[in-house]
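Here are the chains, one letter per residue:
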Amino acid sequence: MSLLRLRPPSHPEPGQPYLVGLTGGIGTGKSTVAEQLGALGAVVVSADELAREVVAPGSPGLEQLAREFGTGVVRPDGQLDRAALARLVFDDPAARLRLEQITHPLIAAAKIEQFAGLAPGQVGVYDVPLLVETGMEGEFDAVVVVEAPLDLRLARLHRRGLPNREARARIEAQATDEERRALAHFVLVNDGDRDQLDRSVLELGRELGLAER
């Protein structure tokens, strides 16, 4: 377990909040790190939560998905049928692109709205799995990548009930550690126990200035 400082982060313009992009592959423990940074005083916004909100029942986002992929992606109760949508797009790059063209602008607008109320110097953390894949690293003063060894990630995903084959497919569909590190200011290697993770996040919090801001 360690925190690596790969390069100095940027500094926000005077009067602006300090924005941090937090990313990492599935099973690395990124969401746990986000929760802990929130406990240290950061304002945490989850891209996954925004992704659910923009396709909530009755939303324009859900209506667009139904027009694009058919009413079969909407359950009788009005909720998005995520499993049905996943079956349509997982192995079809063109369909996945159409999905992203609908949802990504909606999520981006929701993110801007969430961070608009931050005070000058306040730390905002955007918990986003696909930071590298969507090319948004330039939107942040600091990019933090959470990593873990592959065997540990697979074990964590197995405990969540994800079969090994599906877990590997999801990992392989995401950016590699090398691609993420190329854009990172900090890398947190989450390969120990919870106490070790707590200490690493405290160190990261100090690097992000959470104690002073």
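Cut-offs and rules
- Residues numbered from 1 in each chain as written.
- Predicted model: local features only at pLDDT ≥ 70, side-chain atom pairs only at ≥ 80, totals over all residues.
- Heavy atoms only, no water.
- Phe/Tyr/Trp six-rings, centres within 6.5 Å; stacked < 30°, edge-to-face > 60°.
- Helix = DSSP H or I, 4+ residues; strand = E, 2+ residues; numbered from the N terminus.
- Buried < 20%, exposed > 50% of the residue type's maximum accessible area, 1.4 Å probe, protein only.
- Lys NZ or Arg CZ within 6 Å of the ring centre and 35° of its normal.
- Contact = heavy atoms within 4.5 Å.
- Pairing = 2+ DSSP bridges.
- Axes fitted to C-alpha atoms, helices over the stretch in contact; angles between N-to-C directions.
- Parallel < 35°, antiparallel > 145°, perpendicular 65-115°, else oblique.
- Left-handed = near helix turned anticlockwise from the far one by under 90°.
- Nonpolar A, V, L, I, M, F, W, Y, C, P; charged D, E, K, R; others polar.
- UniProt positions renumbered as here; feature names shortened; annotations may be inferred.

Colleague: With reference to specific residues and values, describe the packing of aromatic side chains.
Modeller: Applying the stated criterion to the full structure yields two aromatic pairs. Where Y126 meets F140, the ring centres are 6.2 Å apart and the plane angle is 25°; that geometry is what we call stacked. Highlighted residues: Y126 in strand 4 (residues 123–127) and F140 in the loop between strand 4 and strand 5 (142–147), separated in sequence by 14 residues. Pair check on accessibility: Y126 and F140 agree, each one buried. Across the ring face of Y126, the terminal group of K111 is positioned such that the distance to the ring centre comes to 5.5 Å.

Colleague: Explain the environment of R168 residue by residue, including any values.
Modeller: Relative to the helices and strands, R168 is located in helix 7 (residues 164–173). Take R168: its relative accessible area is 37%, and that puts it in the partly exposed class. R168 sits 18 residues away from L150 along the chain, and the two C-alpha atoms are 9.1 Å apart. Apart from residues no more than four positions distant in its own chain, R168 is found in contact with L150 and L154.

Colleague: Pulling in residues and values, what's your account of the environment of V144?
Modeller: Assignment of secondary structure puts V144 in strand 5. A relative accessible area of 1% means that V144 is categorised as buried. Each C-alpha atom, one on V144 and one on T23, is 6.3 Å from the other, the two residues being 121 residues apart in sequence. Contact partners of V144, with chain neighbours within four places excluded, come to V20, G21, L22, T23, F186 and L204.

Colleague: Can you tell me about the pairing of strand 5, naming the residues and giving the values?
Modeller: With respect to burial, strand 5 is a largely interior element, six of its six residues being buried. Here strand 5 shows a buried face lined by A142, V144 and V146 and a second buried face lined by V143, V145 and E147. Where strand 2 (residues 18–24) and strand 5 come together, five bridges link them in parallel fashion. Bridging from a neighbouring strand, L22 pairs with V144 of strand 5. Strand direction decides the pairing type here: strand 5 and strand 6 (residues 186–189), joined by four bridges, are parallel. Counted as the bridge partner of E147 is V189 from strand 6.

Colleague: Break down the packing of helix 1 (residues 30–39) against helix 9 (residues 194–207) for me, citing the residues and quoting the values.
Modeller: Viewed as axis vectors pointing N to C, helix 1 and helix 9 meet at an angle of 55°, and their least axial separation amounts to 10 Å. By the angle between their axes, helix 1 is oblique relative to helix 9. Remark: the crossing between helix 1 and helix 9 carries right-handed chirality. Residues T32, V33, Q36 and L37 of helix 1 form the contact with helix 9, whose participating residues are R194, L197, D198, V201, L204 and G205. Broken down by class, the residue content of the contact of helix 1 with helix 9 amounts to five nonpolar, three polar and two charged.

Colleague: Residue-level account of the UniProt feature "binding site: ATP" (unreviewed entry) in the chain, with values.
Modeller: Within this structure's numbering, the places UniProt gives as "binding site: ATP" (unreviewed entry) are G27, T28, G29, K30, S31 and T32. Exposure remark for G29: the relative accessible area of 18% places this residue in the buried category. By the secondary structure assignment, T32 is in helix 1. A residue is classified by how much of its surface remains accessible, and T32, at 24% relative accessible area, is partly exposed. With residues near it in sequence (within four places) discarded, T32 still touches R194 and L197.

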